[in-house]
Amino acid sequence: MYEVESVIQTKNLSLYFGETRVLADIDLEMGGRRVTAIIGPSGSGKSSLLRCLNRMVDLVPSARVEGKICFGGEDILHPDRDVVDLRQKVGMVFQKPNPFPRTIYDNVAYGPAIRGRVPKRQMDGIVEEALRGAALWDEVKDRLHTSAMELSGGQQQRLCIARCLAVKPEVLLMDEPCSALDPASTARIEDLIADLRDDVTVVLVTHNLQQAARVSDDTIFLLGGELIEVGPTEDIFTKATDRRTDDYVTGRFG
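Residues numbered from 1 in each chain as written. Predicted model: local features only at pLDDT ≥ 70, side-chain atom pairs only at ≥ 80, totals over all residues. Heavy atoms only, no water.

Trainee: Would you explain the overall build of the protein in this entry?
Mentor: Within the protein, the regular secondary structure consists of 10 helices and 10 strands. Against the compact-globule benchmark of 18 Å for 254 residues, the protein has a radius of gyration of 18 Å, which places it among compact chains. Seen through its principal axes, the protein has C-alpha atoms that stretch 55 × 45 × 35 Å. Per-residue burial for the protein yields a buried fraction of 50% across its 254 residues. Considering only intrachain contacts with a sequence separation of at least 6, the fraction spanning at least 24 residues in the protein is 68%. Accessible area of the protein: about 12,200 Å², with a carbon and sulfur share of 46%. (Helix = DSSP H or I, 4+ residues; strand = E, 2+ residues; numbered from the N terminus. Rg over C-alpha atoms; globule rule 2.2 N^0.38 Å. Buried < 20%, exposed > 50% of the residue type's maximum accessible area, 1.4 Å probe, protein only. Contact = heavy atoms within 4.5 Å. Areas by Shrake-Rupley, 256 points an atom, 1.4 Å probe, with all protein chains shown as cover.)

Now the structure itself:
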């Protein structure tokens, strides 16, 4: 394991759906204020691993998780862990944009509002800051009280990112956030990911190897639910130590 200042650690992490094991004894450290890409062919466990990190996997009735996931010095799998608090600190952006059928303003204000009463002027500042953080403010500042459903797909995805940023997460999980977007919108999201690393730890699942190479600092390669290799992205793509990694990133399979 190479040295990083880790913000998330997993130890002997295994995930089962019923009797099927989809992750097998994953030991990882993910660096703070870095972009970590998770790559691997379909069915390798990428999204399953991501959903373990903020316990979204709890929503699957047949799921069973073993091992440890440490965040903030605590095992988030402990039954007493406040999952709502965890998901505010470890936010998530999904493959398909999922804005609420409300105004742009209300989408961003939703998270801060459910945490407690916020004065209007303060909420205005939170909304603007989050939209600026998601590189969306200039496009929507004159229509904050129109429906979020009127935005383009790329704008909706950036709105979902702003919605996460509004509650000041420490980690942002992104599950193939560009797969439903056109090339121009994809480029905007990639630029945004690069900017976010200054303030937030980003963990990105992507099937697009070129995207992983462009935006990530570190890369994790999964195959068949097993961790094959992890390291700085440049090393993974140019001097992988495992033949299976080299075969995947050079297109020999996958």
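Trainee: Please explain the side chain of Thr-186 as it appears in this structure.
Mentor: Checked against the element boundaries, Thr-186 lands in helix H7 (residues 183-196). Excluding residues within four positions of it along the chain, Thr-186 makes contact with Cys-178, Leu-181 and Gln-211.

Trainee: Quick question: what am I supposed to make of the packing of helix H3 (residues 104-115) against helix H6 (residues 153-165) here?
Mentor: The geometry of a pair of packed helices is captured by two quantities: the angle between their axes and the separation between those axes. Taken N-terminus to C-terminus, the directions of H3 and H6 make an angle of 30 degrees; their axes are 7 Å apart at the nearest point. Here the hand of the crossing between H3 and H6 comes out right-handed. Seen from H3, the contacting residues are Ile-104, Asn-107 and Val-108; seen from H6, they are Leu-159, Ala-162 and Arg-163. Its residues assigned to classes, the contact of H3 with H6 comprises 4 nonpolar, 1 polar and 1 charged. (Axes fitted to C-alpha atoms, helices over the stretch in contact; angles between N-to-C directions. Left-handed = near helix turned anticlockwise from the far one by under 90°. Nonpolar A, V, L, I, M, F, W, Y, C, P; charged D, E, K, R; others polar.)

Trainee: Even after reading the chapter, I still don't get the nonpolar core, so can you show me in this structure?
Mentor: Side chains that are nonpolar tend, in soluble globular proteins, to be buried together. Val-108, Leu-131, Leu-159, Ile-161, Leu-172, Met-174 and Ile-193 are the most contacted members of the largest nonpolar core, which totals 36 residues. Core analysis: the second largest hydrophobic core is formed by 28 residues, Met-56, Leu-86, Leu-173 and Ile-220 among them. (Core = buried A, V, L, I, M, F, W, Y, C linked by side-chain atoms within 4.5 Å.)

Trainee: Even after reading the chapter, I still don't get the sheet that holds strand E5 (residues 74-75), so can you show me in this structure?
Mentor: Sheet strands pair by backbone hydrogen bonding; their relative direction is either parallel or antiparallel. Pairing is antiparallel across the open sheet formed by 4 strands, whose spatial order is E2-E1-E4-E5. If you trace the sheet from one side to the other, it starts and ends with strand E2 (20-31) and E5, each paired once. (Pairing = 2+ DSSP bridges.)

Trainee: What's the story with the sheet that holds strand E8 (residues 201-205) in this structure? I'm lost.
Mentor: On the basis of which strands lie adjacent, the open sheet formed by 6 strands has the order E6-E7-E8-E3-E9-E10 and mixed pairing. Two strands lie at the open edges of the sheet, namely strand E6 (90-93) and strand E10 (226-232), each paired on one side alone. The average angle at which neighbouring strand axes cross in this sheet is 15 degrees, direction not considered. Here strand E7 (residues 171-175) pairs with E8 via 5 bridges, running parallel. Residue pairing for E8: Asp-175 is matched across the bridge by Val-205. On the sheet, H6 packs against E6 and E7 and is oriented at approximately 170 degrees with respect to E6. Against the sheet, H7 contacts strand E3 (35-39), E7 and E8, and its axis sits at roughly 145 degrees relative to E8.

Trainee: Any chance you could explain the pattern of salt bridges here in plain terms?
Mentor: Under the criterion given, the structure shown has 21 salt bridges. Across the pair Arg-244 and Asp-242 runs a salt bridge, and its minimum N-O distance is 2.9 Å. By relative accessible area, Asp-242 is classed as buried at 18%. Measuring nitrogen to oxygen at the nearest pair gives 3.1 Å for the salt bridge that ties Arg-252 to Asp-246. Residue Arg-252 is classed as exposed on the basis of its relative accessible area, which comes to 54%. (Salt bridge = Lys/Arg side-chain N within 4 Å of Asp/Glu carboxyl O.)

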